[in-house]
Amino acid sequence: MGWSPDQYLKFAAPRLRPALDLLARIDLEQPGLIYDLGCGAGNVTALLASRWPQARIVGVDSSSAMLDRAAKLLPQAEWVLADLAQWQPSEAADLVFSNAALHWVDDHARFLPWLVRALAPGGVLALQMPANFTAPSHRSLFAAALSGPWQDLLRPLLRENPVGSPEDNWAILAEVRPEIWETTYLHALTGEDPVLEWIMGTSLRPLLEALPEGWQGDFLAVCRNLLAKAYPRRANGVTLFPFRRQFILAKKI
Ligand SMILES: C[S@@+](CC[C@H](N)C(=O)[O-])C[C@H]1O[C@@H](n2cnc3c(N)ncnc32)[C@H](O)[C@@H]1O
């Protein structure tokens, strides 16, 4: 199954908003080399390219389906298929950027300082990661995973909160005195089971992938029920989905 650009991009507009907010805070005139880590389908990479058209941009992602889509959208960028936990940059960058991807990488106490080492002097680290791992959407997913015949299969795949608190991440990155903030976006979604549809593009994906086909429908039905209770559809057809995100911005002196 893997990552599906189509499923992920069903909510392209609300997913883009934090990337725009992060981009607006980056104070760089003419970066020569930019890494977009976990670049996905390249729609955010395209924003980097239009802001800094002279820059050499390298998008890194572990999904070939996502990278194929990205390469079609932005053929002038370079696309690298790699797991970020193993990837070694060949050169120091002026901007290391990542939107909504690094929560898939473990051990941030090691990984975040390593990103700083990938920066040239004067380079900027600009990250955005979901900080909603205690939200009802995740709790519902955990409850569904642990409440059926699939629980032994799914338990090892449940990821505890991979994103540290702002205080923890500040301490991890203290050498560069980062600016860290969190914002809760209140997404007003429409359509049938929109929160289920949203997480089908992200956190639900590895769990579904691990299930035999015969269990997938039943597991989805349990998720659908729990999510409908946690995020009820209003009389006007809108389902409100609050989503907290953490931003990290730092300059290497
Ligand atoms: C939620 S998408 C975000 C994509 C893009 N940054 C955006 O803002 O639209 C997360 C991306 O991270 C990638 N990813 C997840 N784990 C990864 C890893 N260990 N190494 C590289 N990429 C990874 C996925 O393939 C996916 O394309």
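You'll find the structure just up there.
To start, this report covers the structure provided alongside it. (Residues numbered from 1 in each chain as written. Predicted model: local features only at pLDDT ≥ 70, side-chain atom pairs only at ≥ 80, totals over all residues. Heavy atoms only, no water.)

Let's talk about the overall build of the protein
- When its secondary structure is counted, the protein shows 11 helices and seven strands.
- Relative to a compact globule of 253 residues, whose C-alpha radius of gyration would be 18 Å, the protein shows 19 Å and is just as compact.
- Across the 253 residues that make up the protein, the buried fraction comes to 50%.
- If you take every contact in the protein between residues at least 6 apart in sequence, the share linking residues at least 24 apart comes to 77%.
- Per element, the accessible surface of the protein, about 11,800 Å² overall, is 53% carbon and sulfur.
- Between the averaged position of the 23 positive side-chain charges in the protein and that of its 26 negative side-chain charges there is a distance of 4 Å. (Helix = DSSP H or I, 4+ residues; strand = E, 2+ residues; numbered from the N terminus. Rg over C-alpha atoms; globule rule 2.2 N^0.38 Å. Buried < 20%, exposed > 50% of the residue type's maximum accessible area, 1.4 Å probe, protein only. Contact = heavy atoms within 4.5 Å. Areas by Shrake-Rupley, 256 points an atom, 1.4 Å probe, with all protein chains shown as cover. Lys, Arg positive; Asp, Glu negative; His and termini not counted. Charge placed at Lys NZ, Arg CZ, Asp CG, Glu CD.)

With respect to the side chain of serine 140
- Here serine 140 shows up in helix H6 (residues 136-145).
- Residue classification places serine 140 among the buried positions, given a relative accessible area of 9%.
- In terms of polar contacts, serine 140 uses its side chain to reach the backbone carbonyl oxygen of proline 136, at 2.7 Å.
- Discounting residues that sit within four places of it in the chain, serine 140 has contacts with Leu226, Leu227 and Ala230. (Polar contact = N/O pair within 3.5 Å; in protein donor to acceptor, adjacent residues only side chain to side chain.)

As for the sheet that holds strand E5 (residues 119-130)
- Strand order across the open sheet formed by seven strands is E3-E2-E1-E4-E5-E7-E6, with mixed pairing between neighbours. The sheet is open, and its two edges are formed by strand E3 (78-81) and strand E6 (179-189), each paired on a single side. Here the average twist between neighbouring strands, direction ignored, is 15°.
- Relative to E5, strand E4 (residues 93-99) runs parallel, the two sharing six bridges. Pairing of valine 96 across the sheet is with leucine 125, part of E5.
- Docked against the sheet, helix H5 (residues 108-117) engages strand E1 (33-37), E4, E5 and strand E7 (239-251), running at close to 140° with respect to E5. (Pairing = 2+ DSSP bridges. Axes fitted to C-alpha atoms, helices over the stretch in contact; angles between N-to-C directions.)

Comments concerning the nonpolar core
- Of all hydrophobic cores here, the largest spans 29 residues; its most connected members are Leu37, Val96, Leu115 and Leu125.
- Counting only elements with at least two residues in this core, the list comes to E1, strand E2 (56-61), E4, H5, E5 and E7.
- Excluding anything up to four places from it in sequence, valine 96 contacts Tyr35, Leu37, Leu115, Ala118, Leu119, Val124, Leu125, Ala126 and Leu127.
- Of all hydrophobic cores here, the second largest spans 24 residues; its members include Leu141, Leu154, Trp198 and Phe243. (Core = buried A, V, L, I, M, F, W, Y, C linked by side-chain atoms within 4.5 Å.)

Some remarks on unusual backbone geometry
- The phi dihedral of arginine 177 falls on the positive side, at around 45°, and the residue is not glycine.
- For aspartate 193, which is not glycine, the phi torsion reads 45° and is therefore positive.
- Mapping aspartate 193 onto the fold places it in the loop between E6 and helix H9 (194-200).

Quick notes on the pattern of salt bridges
- As enumerated under the stated definition, the model contains 12 salt bridges in all.
- Across the pair aspartate 21 and arginine 17 runs a salt bridge whose closest N-O atoms are separated by 3.3 Å. Placement of both aspartate 21 and arginine 17 in helix H2 (residues 12-24) is noted, with a separation of four residues, approximately one turn of the helix.
- Since its relative accessible area comes to 45%, arginine 17 is described here as partly exposed.
- Connected through shared salt-bridge partners, Arg56, Glu78 and Glu91 make up one network. (Salt bridge = Lys/Arg side-chain N within 4 Å of Asp/Glu carboxyl O.)

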